[in-house]
Amino acid sequence: SELTGEVEFENVDFGYNPDKIVLHDINMYAKPGQKIAFVGSTGAGKTTITNLINRFYDIQDGKIRYDNINIGKIRKPDLRRSLGIVLQDTHLFTGTVMDNIRYGKLDATDEECIKAAKLANAHDFIKRLPDGYNTVLTGDGSNLSQGQRQLLAIARAAVADPPALILDEATSSIDTRTEAMVSKGMDALMEGRTSFVIAHRLSTVKDADCIMVMEQGRIIERGTHDQLIDMKGRYYQLYTG
Ligand code: DGT
Ligand code: MG
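Described below are features of the structure shown in this document. Predicted, not measured: the structure shown is a model, and the values here were computed from it. (Residues numbered from 1 in each chain as written. Chains lettered and ligands numbered in written order. Predicted model: local features only at pLDDT ≥ 70, side-chain atom pairs only at ≥ 80, totals over all residues. Heavy atoms only, no water.)

## Observations concerning the packing of aromatic side chains
With the rule as written, the count across this model stands at six aromatic pairs. Taking 4.9 Å as the distance between ring centres and 75° as the angle between the ring planes, the aromatic pair formed by Phe14 and Tyr16 counts as edge-to-face. For Phe14, a relative accessible area of 1% puts it in the buried group. Judged by its relative accessible area of 38%, Tyr16 falls in the partly exposed class. Clustering of aromatic rings is evident, with ring pairs tying together Phe14, Tyr16 and Tyr57. (Phe/Tyr/Trp six-rings, centres within 6.5 Å; stacked < 30°, edge-to-face > 60°. Buried < 20%, exposed > 50% of the residue type's maximum accessible area, 1.4 Å probe, protein only.)

So, in structure tokens, the structure goes:
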């Protein structure tokens, strides 16, 4: 991929149905390597923005640019594929751990997959599986814990080596120790890449270059953690709860 991870939204309006706009006049700019976080109540539009960064949908109005190329209205699957996604639900298929990691980049060598697993903090648990990297996973991944599935998703994204990432932080019940492993893997994955993070815990967005506070389809506040705290607005309210 030739992309640097620069992403810009200019006056973007979007609705899943054209008669019901759910994002209003979204403007944002991510420099290569920056970490952008989205917070806000349920239904605010956080996932919808990341759907648009992925170009899953056409926008009604405005511009979305990757490296100054406006891709807002034309679908470019080649550009879209260059973004890495780590979703809450990791889609695993029946096959070995190695093949499930390799899915991020089909021509990756075993060495590249292992390197990615190490970066993702997944190598240690994989080594402890009955057949290590050759362990066969069930299609639904039910022979792994939720935390382990997330570590594999991080490894899969790492092997793809994309310039930009979308991370949807898990809300659900993984234990504190596993959660610490997952955040360590995610931090390593984000290093040097533009990252868009949907955070459910405000503690994980503290170090973001820019936090977008969303409400009813609009970005109502933006800034670093310290700036938003000083503003004493919505973020401050969320934070001091
Ligand atoms: P969350 O995940 O509950 O914290 O909420 P957000 O902030 O991710 O909200 P989002 O982007 O899923 O939803 C924003 C609005 O768009 C909300 O009114 C529901 C609507 N919406 C979301 N996904 C779809 C979809 O696939 N189809 C339609 N028609 N509407 C959708
Ligand atoms: Mg969501």
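## Observations concerning the packing of helix 4 (residues 110-119) against helix 6 (residues 146-160)
Remark: helix 4 packs on helix 6, axes separated minimally by 8 Å, with the N-to-C direction vectors making an angle of 125°. In terms of their interaxial angle, helix 4 and helix 6 are classed as oblique. Between helix 4 and helix 6 the crossing geometry is right-handed. Contacts between helix 4 and helix 6 involve Glu112, Cys113, Ala116, Ala117 and Leu119 on the former and, on the latter, Ala155, Ala158 and Val159. Residues of the contact of helix 4 with helix 6, tallied by class, amount to seven nonpolar, no polar and one charged. (Axes fitted to C-alpha atoms, helices over the stretch in contact; angles between N-to-C directions. Helix = DSSP H or I, 4+ residues; strand = E, 2+ residues; numbered from the N terminus. Parallel < 35°, antiparallel > 145°, perpendicular 65-115°, else oblique. Left-handed = near helix turned anticlockwise from the far one by under 90°. Contact = heavy atoms within 4.5 Å. Nonpolar A, V, L, I, M, F, W, Y, C, P; charged D, E, K, R; others polar.)

## Thoughts on the pairing of strand 10 (residues 194-198)
Burial of strand 10 is extensive: five of the five residues sit out of reach of the surface. Neither face of strand 10 is open: one carries Thr194, Phe196 and Ile198, the other Ser195 and Val197, and all of them are buried.

## Side note on the environment of Leu144
Tracing the backbone through its elements, the reader meets Leu144 in the loop between strand 8 (136-137) and helix 6. Using a relative accessible area of 7% as the deciding quantity, one classes Leu144 as buried. Separated by 15 residues in sequence, Leu144 and Leu129 place their C-alpha atoms 9.5 Å apart. Beyond its immediate sequence surroundings of up to four residues, Leu144 is in contact with Leu92, Phe125, Leu129, Leu137, Arg149 and Leu152.

## Some details on the environment of Thr135
By the element assignment, Thr135 lies in the loop between helix 5 (123-128) and strand 8. Counting along the chain gives 15 residues from Thr135 to Ala120, while the straight-line C-alpha distance between them is 18 Å.

None of the figures reported here should be taken as evidence of function without further support.
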